[in-house]
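Residue-level structural notes
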2 protein chains.
Amino acid sequence: MKKFLNDPGSFVDEMLEGIYKAHPAVTHVGDDLRCLVTAKVKSGKVGLATGGGSGHLPTFLGFVGDGMLDGAAVGGVFQSPSAEQMLDVTKHIDQGAGVLYIYGNYSGDIINFDMAAELADLEGITVRQVVGNDDVASSIVGEEHKRRGVAGIFFLYKAAGAAAAEGLPLDEVTRLADKARQRTRTMGVALSSCVVPEIGHATFSIGEDEMEIGMGIHGEPGISRKTLAPADAVVDEMMERIFAETDYQAGDEVAVLVNGLGGTPLEELYILFRRVSQLLEARSVTAKHVWIGEFATSMEMAGASISLLHLDAELERLIAAPADTPFFQHIAG
Amino acid sequence: MKKFLNDPGSFVDEMLEGIYKAHPAVTHVGDDLRCLVTAKVKSGKVGLATGGGSGHLPTFLGFVGDGMLDGAAVGGVFQSPSAEQMLDVTKHIDQGAGVLYIYGNYSGDIINFDMAAELADLEGITVRQVVGNDDVASSIVGEEHKRRGVAGIFFLYKAAGAAAAEGLPLDEVTRLADKARQRTRTMGVALSSCVVPEIGHATFSIGEDEMEIGMGIHGEPGISRKTLAPADAVVDEMMERIFAETDYQAGDEVAVLVNGLGGTPLEELYILFRRVSQLLEARSVTAKHVWIGEFATSMEMAGASISLLHLDAELERLIAAPADTPFFQHIAG
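Residues numbered from 1 in each chain as written. Chains lettered and ligands numbered in written order. Predicted model: local features only at pLDDT ≥ 70, side-chain atom pairs only at ≥ 80, totals over all residues. Heavy atoms only, no water.

Right, let's get into the sheet that holds strand S6 (residues 127–132) of chain A. Residue and element names in this part refer to chain A. Read from one edge of the open sheet, six strands run S1-S2-S4-S3-S5-S6, paired in mixed fashion. Each end of this open sheet is capped by a strand with a single partner; those strands are strand S1 (26–29) and S6. On average, each strand axis in the sheet is tilted by 25 degrees relative to the strand beside it, whichever way the strands run. The pairing of strand S5 (residues 99–104) with S6 spans six bridges and is parallel. Bridging across to S6, Ile102 finds its partner in Val130. Across the sheet, helix H4 (residues 153–165) lies against strand S3 (47–54), S5 and S6, angled at about 170 degrees from S5, the strand it touches most. Lying over the sheet, helix H5 (residues 170–182) contacts S3, S5 and S6, oriented at roughly 10 degrees with respect to S6. (Pairing = 2+ DSSP bridges. Helix = DSSP H or I, 4+ residues; strand = E, 2+ residues; numbered from the N terminus. Axes fitted to C-alpha atoms, helices over the stretch in contact; angles between N-to-C directions. Contact = heavy atoms within 4.5 Å.)

The next point concerns the interface of chain B and chain A. Each partner contributes residues to the interface: chain B has 59 residues there, and chain A has 59 residues. When the buried area of chain B at its contact with chain A is split by residue, B:Lys2, B:Phe4 and B:Glu267 rank highest and sum to 21% of it. At the junction of chain B with chain A, the criterion picks out eight salt bridges. When the shortest N-O distance is used, the salt bridge between A:Lys3 and B:Glu268 registers 3.6 Å. Counting every contact that joins chain B to chain A gives 26 residue pairs in polar contact (both at pLDDT 80 or more). Secondary-structure elements contributing two or more residues to the side of chain B that touches chain A are helix H1 (11–22), helix H6 (231–244), helix H7 (266–282), strand S11 (286–293), strand S12 (303–310) and strand S13 (323–324) of chain B. Looking at the side of chain B that touches chain A element by element, the count peaks at eleven residues for H7(B). (Buried area = accessible area lost by both parts, 1.4 Å probe. Salt bridge = Lys/Arg side-chain N within 4 Å of Asp/Glu carboxyl O. Polar contact = N/O pair within 3.5 Å; in protein donor to acceptor, adjacent residues only side chain to side chain.)

For the rest of this paragraph, the subject is the domain arrangement of chain A. Residue and element names in this part refer to chain A. As far as domains go, chain A holds domain 1 (8–182) and domain 2 (184–330). On a C-alpha basis, the centroid separation for the pair domain 1 and domain 2 is 21 Å. Taken together, the contacts link 48 residues of domain 1 with 48 residues of domain 2. Interface area, domain 1 with domain 2, both sides summed: about 4000 Å², of which 66% is carbon and sulfur. Considering only the side of domain 1, the residues that lose the most area to domain 2 are Phe78, Phe155 and Lys158, jointly responsible for 16% of the buried surface there. The tally of links from domain 1 across to domain 2 stands at five salt bridges. (Domains from an automatic or database assignment.)

Below you can see the structure in the form of C-alpha cells.
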C-alpha cells in the first residue's frame, strides 16, 4: 500500500488536523474534529449541512464556506458519521431559520441523518432533507430512489448554498435543492481500484486493459466491465445513458462537471470534456457552466464521471453565484 | 496503459480543444492551439509568458488569467514548445511595456526561450527572463543554477502576475519575480511512475514499498531511494533539506504549497501538510498562505512536493492579491 500516512487508524483525524491548520475559515464543534463547520456562522440564514464518509475529498467537507454549506459531519473512510455528530453540526449552524441536510443516498447516512433530524426536532430545530441520487448507473428509470449519490451532489450544494446566501426561507431553499436533484444526472467509469487505509489492499481487482462503466465511488459494481475503449467511445456510451433519460431541447443550457476519481490526470479529463462538448453541440445544448477537476473522489481510484445539470433560469442564477470555500472558489461573472 | 485517450499522437491537441471549449477566458494565437493566451489582453500592462512541456496540469498553461500570466507556449508531453510558438505568444501579449518570461530550468526550454527573446528584440519587444530553479534536490548549494524548476514556480507566477496587474514596469516586475525565485525552495518525493502517452509504459520502475526522495517531475533521478517511511518521517526529511538552506527566523512568514504529483489522494496531502505545519510552528514561523492540491503534476505519478516561499512585506502583498484563471482562483482577504 503506497500511501503517505502514519497510522491507518488515524488517517481521517490527521487529515482533519491538516485541514484545520490550512483553512482557518473552517473549525470544529467542541473538541470533535469530525464536526466541521464554518468559522463564521451567518445569523438568520438557513443552515446547510452535509456529511458522509471520508475518502472523497473535496466531497463532502470541502464545500463548507461562503455561498455553499455551513457544516459537515465527517465519517471514517467510506463510513457514515454518527447521528450525534450530525446533530452537533446541526445545533451549531442553526440560526433559527432551520437546517437543510443534503447528502448522498446511502443507507447508513440515511439512518443517521434521519435520527439527527428527529433529535433536532426535539430541540426545536426544523430540519428538511434532500438526498442526492444522481448516479444513473445504479438503478433503472422508475427506481431512481435506489440510485446512489455521487459527484452531481456538487450542483445541489451550489444551488442550495446560493439560495440560502440570498436569504431565502427553508422551504424555498429545499425546493431549489430538490429541483437541482431532479435535474442532475451522473455516469461514471472506473479504471482502477482504491485502497482503504485500514484495509491496506485494493478494494477490487480489474484487468490491466479493463474499465467498468457505472462503478460507484466506493467500488460498487457498475453496469458492464469491458476492454478500455478510446476516450470518445467511452464518453459516447456514458452520455447516451444520460441523454436517454433527460429531455434537453435545442437551445437549452446545462452545467457540466467532469470529475476525476483521484488517480486520473487532469489532461485526460479535458479529453473527455472535449467529446462531451461535441455531443452537446450536436444537440444545440449549451454548456453554460463547466467545471473540470476532482470534486468527488474515491481515494486513488483512476476513472472519471460526467454530471449534467439541466439549467433553467433560477438554477442558472444560483449556479452562477459566487462561492468561496477552502476547496472551491467561484468568482461570478 | 490505462488512459482516457483516443490517439496518443493527438493527446495534447485534444486536451487543448477541451480546454478552449471549457474556458472561454483563454484562446489561441491564430490557428495554433499550442499558443495559449488570455482572451482579453490588458493594454499597457507588462506581459507575462511561460511555456514548457505538457503533462503537468495545471502547470503551465493553467495560470493564464487575471492577476497571473498572459500567455503560455504549450509543448508535447514533457517536450519544449518551439521558439516560434514562444515568439507568437510574445507578440500577441506585448502591449508596449515589454514581456517577462518565467519558466523552468530545462535546457530545451532555455534554448527556445532565448531564441524567442532574440527574435522579439528584433521586432522591438523588450523581453526579460526569470528561470525557476526551486528544486533543492537537483544540485548542491552553490550550484543552484543547475537546479530544475518544479512546483514552486507557482509562487513566481503569483508574485509577478500581481505586480504586473498593479501596473508596475518591466524591471520592477522582473525584480519581484526574481526575488520570489530566490526565496522559493521545493522538495519532492515520488511513489510511482508516470506514463507518457506516446511511449505507453512506465517511465521508470520503483518497488512496491519504495519511495524516491527528490525525483523530478519528468522522473529525473532523485537523491535517495528507500523504503516508504511514515508520512511524518518523509516530511521531516524533506523539510530538513529546505530548512538547511533557508534562514527563517522566529516570527517570519512563509507561503506553503503542498503539491500532488497526479495520483496521490488529496487526503494524503493534508496529512503531509499537518506535519509541515508542526515543523513551522516549532520554529515560530507562520504559514501565512497555504495551498494544497495539484499545481504541477507528472501525469498519474503518485507523490508530492513541498514548496516554501519566504515572505517579506512586498511578496506577501503580491501573494495575497486576487487572481482568476481557469485553473486557479484566489479571492483576496
